[in-house]
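Close look at the chain arrangement
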Amino acid sequence: MTELIKERMPKHVAIIMDGNGRWAKKRGVPRLAGHRAGMEAMKKAVNHSDALGIKYLTVYAFSTENWKRSMEEVSGIFKLLVTFVNRDLRELIDNNVKVKVLGDYSSIPDASLKALEKTIEDTKDNTGLQFNIALNYGGRDEIRRAVEAIGERCANGEIAPEDITEELIGSYMWTGSEHADAPDPELIIRTSGEYRLSNFLLWQSAYSEFVFSDVLWPDFTDEEYDRCIADYQSRERRFGGR
Ligand code: FPP
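Structure report, in brief. (Residues numbered from 1 in each chain as written. Predicted model: local features only at pLDDT ≥ 70, side-chain atom pairs only at ≥ 80, totals over all residues. Heavy atoms only, no water.)

A short note on empty space enclosed by the protein
Keep this limit in mind: Detection works on a 1 Å grid of protein atoms alone, calling trapped sets that fit a 1.4 Å probe cavities and calling open sets with protein on both sides within 12 Å along at least five of seven lines pockets, with lining residues defined by an atom within 4 Å of a point. Grid points are joined across faces, edges and corners, and a volume is the space filled by probe spheres set on the points. In this text, helices come from DSSP runs of H or I with a minimum length of four residues, and strands from runs of E with a minimum of two, each type numbered from the N-terminal end. When residue character is reported, Ala, Val, Leu, Ile, Met, Phe, Trp, Tyr, Cys and Pro are called nonpolar, Asp, Glu, Lys and Arg charged, and the others, Gly included, polar.
Applying the stated criterion across every chain yields a total of 1 cavity of 30 Å³ or more. By volume, the largest cavity amounts to about 50 Å³. Contributing to the lining of the largest cavity are Lys43, Val46, Asn47, Phe84, Asp88, Glu91, Leu92 and Asn95. Listed by contribution, the elements that provide at least two residues to the lining of the largest cavity are α2 (31-52) and α3 (71-94). Looking at the lining of the largest cavity element by element, the count peaks at 4 residues for α3. Its residues assigned to classes, the lining of the largest cavity shows 3 nonpolar, 2 polar and 3 charged.

Right under this line is the structure:
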């Protein structure tokens, strides 16, 4: 068992859940079976984050680039999302989990949109783990939207260019005070042995620690999660200071 230091638990963990496709290929099953197994791993990660006392968990479920995948795969992922929220909504409520979405998800298929909105509404007063699902999310898109909104306020004369601080820009991110209201993640985990950020939390990751796991996402267990946190806890964060 991996020993973790309770006092040095990250408040916010973000995960790039990579490797569902390769997991499926290794087993000779359809890619969607990999995503289904990935959904189960995601659910375990929610429960384990909660058990560890982590306050915010953000998962990269669907990027702005993922629309390029086959229709079958895209609609399958969204069906899984409906399965997840419908099947597990009761449990999320009972476990005091608050669900938020990062990204403009208005363009996702209608059934998924409705199920998701119900989940957000039904869990909005919960005070436990905040589970942020990044959906139709892109870091550059997020920054572009912030620049547009701030530009509009400047053009209206509501604010002057010199009023544009890092805090103001941050407040326009999906994690900002107006939306999910989450601090920057101290730890970003990517599975499947890939070492890229892939347009995830570009603004918020300025001082994040990165931990890369070789495990394919559907095989990501509580033990592997603990190992990632132990790796994070073994590092010293200096924020550019000494
Ligand atoms: C990356 O694996 C995974 C995704 C793009 C989708 C993530 C979806 C889930 C974990 C299922 C739960 C779904 C929702 C929407 C809550 P990949 O397909 O890129 O794997 P590969 O790199 O091995 O091909």
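Digging into the packing of helix α1 (residues 20-27) against α2
Keep this limit in mind: Working convention: axes come from line fits to C-alpha atoms, limited for helices to the stretch in contact. Angles between N-to-C directions cover 0 to 180 degrees. The cut-offs work like this: below 35 degrees is roughly parallel, past 145 is roughly antiparallel, 65 to 115 is roughly perpendicular, and the gaps in between are oblique. The hand of a helix crossing depends on one turn: near helix anticlockwise from the far one by less than a right angle means left-handed, and clockwise means right-handed. The contact rule is simple, with two residues in contact once any of their heavy atoms fall within 4.5 Å.
The contact between α1 and α2 brings their axes to 7 Å, and the two run at 120°. If you check the angle between α1 and α2, you find them oblique. As for how α1 packs across α2, the hand of that crossing is right-handed. Within the contact between the two elements, α1 uses Asn20, Gly21, Trp23 and Ala24 and α2 uses Arg31, Ala33, Gly34, His35, Ala37 and Gly38. Residues of the contact of α1 with α2, tallied by class, amount to 4 nonpolar, 5 polar and 1 charged.

Section: the nonpolar core
Applied cut-off: Among buried residues, the Ala, Val, Leu, Ile, Met, Phe, Trp, Tyr and Cys ones that are joined through side-chain atoms within 4.5 Å form a nonpolar core. Exposure is judged per residue with a 1.4 Å probe applied to protein chains only, and the accessible area is read against the type maximum: over 50% gives exposed, under 20% gives buried, and values in between give partly exposed.
Residues Leu57, Leu116, Phe131, Leu135 and Tyr225 are the most contacted members of the largest nonpolar core, which totals 45 residues. Broken down by element, this core gets its largest block of residues, 9 residues, from α3. Those residues within four positions of tyrosine 225 in sequence are excluded, and the remaining contacts are Val13, Ala45, His48, Ser49, Ile54, Leu57, Ile189 and Phe220. Residues Tyr60, Leu102, Ala134 and Ile188 belong to the second largest nonpolar core, which totals 11 residues.

A few points about the packing of aromatic side chains
Basically, it comes down to this: Only the six-membered ring of Trp is used, alongside the rings of Phe and Tyr, when aromatic pairs are assigned; centres must lie within 6.5 Å, and planes under 30 degrees apart are stacked while those over 60 apart are edge-to-face, with the rest tilted.
All told, the structure shown has 11 aromatic pairs when counted by the stated rule. Between tyrosine 60 and phenylalanine 200 the ring centres are 4.4 Å apart and the planes differ by 15°, which places this aromatic pair in the stacked class. Pair noted here: tyrosine 60 is in strand β2 (residues 56-63) and phenylalanine 200 is in the loop between β5 (187-190) and β6 (209-212), with a separation of 140 residues, a long-range link. Its relative accessible area of 10% is what places tyrosine 60 among the buried residues. For phenylalanine 200, a relative accessible area of 0% translates into the label buried.

Describing α1
What counts here: Taken from the helix axis, the directions to the C-beta atoms give the arc we talk about.
Asn20, Gly21, Trp23 and Ala24 are the residues of α1 that are buried. Projected down its long axis, α1 shows its buried positions confined to an angular sector of 165°, all on one face. Counted as exposed and oriented over 90 degrees from the buried face of α1: Lys25 and Lys26. Considering only its buried residues, α1 is in contact with α2.

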